[in-house]
Protein chains: 2
Amino acid sequence: MTRIPPKTVGRLSLYRRLLDLMRQDGLRFVYSHQLAHDAAATPAQVRRDLMVLGPMGTSNKGYDVEELIAAIDEVLDSPEGQRIALVGVGNLGRAILAFFAGRRPRLAITAGFDNDPTKAARVIMGCRIHNVADLAAVIAQEGITVGIVAVPAASAQAVADKLVAAGVRGIMNFAPSPLKVPPTVHVEDMDITMTLEKVAYYAKHNKEKAVK
Amino acid sequence: MTRIPPKTVGRLSLYRRLLDLMRQDGLRFVYSHQLAHDAAATPAQVRRDLMVLGPMGTSNKGYDVEELIAAIDEVLDSPEGQRIALVGVGNLGRAILAFFAGRRPRLAITAGFDNDPTKAARVIMGCRIHNVADLAAVIAQEGITVGIVAVPAASAQAVADKLVAAGVRGIMNFAPSPLKVPPTVHVEDMDITMTLEKVAYYAKHNKEKAVK
DNA sequence: GCCTGTGAAGCTATTCACAGCT
DNA sequence: AGCTGTGAATAGCTTCACAGGC
């Protein structure tokens, strides 16, 4: 497996979703410029991204939708699937659960954690909620490899440390404070405050130019 | 105003938050390596970012915390402040409202919109909820310049079009579909599904390396 | 003619390394 | 000695432009 650039990984995930919609519409073949249009990218960008899958397209006919999806699955999914733990079942945590309820079976949130005991042992959106005290045990038992941090900034680092100690290899972080983790663990930050201030800045200063 | 790179704008927002915590702890001066530590960046990165503020540091003493914050305010904030509209008051929308309730007064969500009439006219987290039909009127009246799209993918583009028509100059988009907007409008995507699949990919494939 | 795949060029972002200040 | 500010080097990403295929 050759090294895939992070931005490309993200866009492959996007392409797959768009392709899935196309397939539902009965579309068999697609051109790079069609995908580019839907993805708000350029055709060159799309072709460059798809290069990591090996040659997939046919001159003048474009890409076979079915085959493309399969090829992206091959790259992004792991055959046994991966399970995800969500820590922090507040407003945001519940929104995330609702978002993912019954999406990709290969990538499911199978355990939630909260330190509020009234939430523990409940089942929200088909996901069982546990007490954070049981975090390590549940993660080991379910073979969870990915964690979502949706707790206040003050406790985010402590939660991340627990997740890492429990063997998690990737973390999506919603807390507005960068996490310190060993280099073997991959972190993606979703800092809502930061992003909103960025939007506000460009809303104020933009004369031309846009979209990321 | 010289052009500031997007990544730098984001990090300035982060630095400001970290500096604010330091100030609360009574810290007067800070070195680039201390800020870098808290921001999970390198000292060189921090100094490079702070260059857009002009020379601020003192050799051997570092940066005056108070002055730095003021300089960042100067760049990021607009004196009259900016108001934000949130469209879609579902799980995610409410989480965002809770997140921002009473944060920066210079950047506040002052109006929410939903097409569910039972939600309209209510006040959630201090934010008045309107019917989407009144979107243009309310945005004009309150002088709103930034929109947050927190609706399902199917209606995201329609909502974005309405926001743009109403005069909004920046959009934070949570829907998992890229928005088509004119180049005068700045969009930042917060695609939770995409990010999570990215994390899952690197959780599986990472032997070394990490953090963004 | 119109498409894909891709080297090469162009751009943006990060890191290095060091001169200058205190 | 230890810091900032910054040219210069490097790395990463996107766009151009065209050879080759149907």
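**What to know about the packing of helix α1 (residues 6–24) of chain B against helix α4 (residues 65–76) of chain B**
All names here are of chain B.
Next, step 1: Close contact between α1 and α4 brings their axes to 10 Å; oriented N to C, the two are set at 145 degrees. Where α1 crosses over α4, the two elements pack in a sense that is left-handed. Contacts between α1 and α4 involve Val9, Leu12, Ser13, Tyr15, Arg16, Leu19, Asp20 and Arg23 on the former and, on the latter, Val65, Glu66, Leu68, Ile69, Ile72, Asp73, Val75 and Leu76.
Next, step 2: Of the residues belonging to the contact of α1 with α4, the class tally is 10 nonpolar, 1 polar and 5 charged.

**Details of the interface of chain B and chain A**
Next, step 1: Taken together, the 72 residues of chain B in the interface contact 73 residues of chain A.
Next, step 2: At the boundary of chain B with chain A, total buried surface from both sides reaches about 7100 Å², with 65% on carbon and sulfur atoms.
Next, step 3: Considering only the side of chain B, the residues that lose the most area to chain A are Leu196, Glu197 and Tyr202 of chain B, jointly responsible for 9% of the buried surface there.
Next, step 4: Taken together, the links from chain B to chain A amount to 10 salt bridges.
Next, step 5: Its salt-bridge partner being aspartate 191 of chain A, residue arginine 17 of chain B comes within 2.9 Å of it at the nearest N-O pair.
Next, step 6: Taken together, the links from chain B to chain A amount to 16 residue pairs in polar contact (both at pLDDT 80 or more).
Next, step 7: At 14 residues, helix α8 (residues 192–205) of chain B tops the list of elements feeding residues into the side of chain B that touches chain A.
Next, step 8: For the side of chain B that touches chain A, a count of residues per class yields 38 nonpolar, 14 polar and 20 charged.

**What to know about the protein's contact with DNA strand C**
Next, step 1: As a structural note, the neighbourhood of DNA strand C is formed by 23 residues, with Arg48, Met56, Asn60 and Tyr63 of chain A together with Arg11 of chain B the closest of them.
Next, step 2: Of everything in DNA strand C that lies within 4 Å of the protein, sugar and phosphate atoms constitute 56%.
Next, step 3: One nitrogen or oxygen atom from the side chain of serine 32 of chain A is found 2.8 Å from a phosphate oxygen belonging to DNA strand C.
Next, step 4: Arginine 11 of chain B is positioned such that a nitrogen or oxygen atom in its side chain is 2.8 Å from a phosphate oxygen of DNA strand C.
Next, step 5: Within the residue set of the surface near DNA strand C, elements represented by two or more residues are α2 (32–39), α3 (43–50), β2 (57–58) and β3 (62–64) of chain A together with α1 and α3 (43–50) of chain B.
Next, step 6: With 3 residues, α3 of chain B is the single largest residue contributor to the surface near DNA strand C.
Next, step 7: Considered class by class, the residues forming the surface near DNA strand C number 7 nonpolar, 11 polar and 5 charged.

**Topic: the sheet that holds strand β5 (residues 107–114) of chain A**
Next, step 1: Taken in spatial order, the 7 strands line up as β6-β7-β5-β4-β8-β9-β10 (chain A) in an open sheet, and their pairing is mixed. Whereas interior strands pair on both sides, the edge strands pair on one side only; in this sheet they are β6 (123–124) and β10 (186–189) of chain A.

**Some thoughts on the domain arrangement of chain A**
Next, step 1: Segmentation of chain A into domains returns domain 1 (6–74) and domain 2 (82–194).
Next, step 2: Each of domain 1 of chain A and domain 2 of chain A was reduced to a C-alpha centroid, and the two centroids are 31 Å apart.

**Quick notes on the nonpolar core**
Next, step 1: Ranked by internal contacts, the top residues of the largest apolar core, which has 50 residues, are Ile96, Ile109 and Ile148 of chain A together with Ile96, Ile109 and Ile148 of chain B.
Next, step 2: Isoleucine 96 of chain B has contacts with Leu86, Ile109, Ile148, Ala150 and Phe174 of chain B, leaving out every residue within four places of it along the chain.

**Points about the protein's contact with DNA strand D**
Next, step 1: The environment of DNA strand D is formed by 23 residues, the closest being Arg11 of chain A together with Ser32, Arg48, Gly57 and Tyr63 of chain B.
Next, step 2: Among the atoms of DNA strand D close to the protein, meaning within 4 Å, 55% are from sugar or phosphate groups.
Next, step 3: Here a base oxygen of DNA strand D and a side-chain polar atom of asparagine 60 of chain A are 3.1 Å apart.
Next, step 4: In this structure, glycine 57 of chain B approaches DNA strand D through a main-chain N or O atom, which is 2.8 Å from a phosphate oxygen.

**Let's talk about the relation of the copies chain B and chain A**
Next, step 1: Each copy of the sequence occupies a distinct position, and chain B is placed on chain A by a rotation of 180 degrees and an axial shift of 0.0 Å, giving an RMSD of 0.0 Å. As the rotation angle and translation indicate, the two copies are arranged about a two-fold axis.
Next, step 2: The fraction of interface residues of chain B whose copies in chain A are also interface residues reaches 100%, indicating that both copies meet through the same surface.

**Considerations on the sheet that holds β2 of chain A**
Residue and element names in this part refer to chain A.
Next, step 1: Spatially, the 3 strands line up as an open sheet ordered β1-β3-β2, and their pairing is antiparallel. Looking at the sheet topology across the chains shown, the edges are occupied by β1 (29–30) and β2.
Next, step 2: Both β2 and β3 contribute to a ladder of 2 bridges, which runs antiparallel. Within β3, the residue paired with glycine 57 across the bridge is tyrosine 63.

**Comments concerning the layout of surface pockets**
Next, step 1: Taken as a whole, the second largest pocket encloses approximately 1000 Å³ of empty space.
Next, step 2: Looking at the second largest pocket, it is lined by 46 residues, and the ones nearest its centre are Val151, Pro152, Ala153, Ala175 and Pro176 of chain B.
Next, step 3: It is helix α1 (residues 6–24) of chain A that contributes the most residues to the lining of the second largest pocket, 8 residues altogether.
Next, step 4: By residue class, the composition of the lining of the second largest pocket is 24 nonpolar, 11 polar and 11 charged.

Reading the values: rules and limits
Residues numbered from 1 in each chain as written. Chains lettered and ligands numbered in written order. Predicted model: local features only at pLDDT ≥ 70, side-chain atom pairs only at ≥ 80, totals over all residues. Heavy atoms only, no water. Axes fitted to C-alpha atoms, helices over the stretch in contact; angles between N-to-C directions. Helix = DSSP H or I, 4+ residues; strand = E, 2+ residues; numbered from the N terminus. Left-handed = near helix turned anticlockwise from the far one by under 90°. Contact = heavy atoms within 4.5 Å. Nonpolar A, V, L, I, M, F, W, Y, C, P; charged D, E, K, R; others polar. Buried area = accessible area lost by both parts, 1.4 Å probe. Salt bridge = Lys/Arg side-chain N within 4 Å of Asp/Glu carboxyl O. Polar contact = N/O pair within 3.5 Å; in protein donor to acceptor, adjacent residues only side chain to side chain. Near = heavy atom within 4 Å. Pairing = 2+ DSSP bridges. Domains from an automatic or database assignment. Core = buried A, V, L, I, M, F, W, Y, C linked by side-chain atoms within 4.5 Å. Buried < 20%, exposed > 50% of the residue type's maximum accessible area, 1.4 Å probe, protein only. Least-squares fit on C-alpha atoms with pLDDT ≥ 70 in both. 1 Å grid on protein atoms, 1.4 Å probe; cavity = no way out; pocket = protein on both sides within 12 Å on 5 of 7 lines; lining within 4 Å. Points joined across faces, edges and corners; volume = space filled by probe spheres on them.

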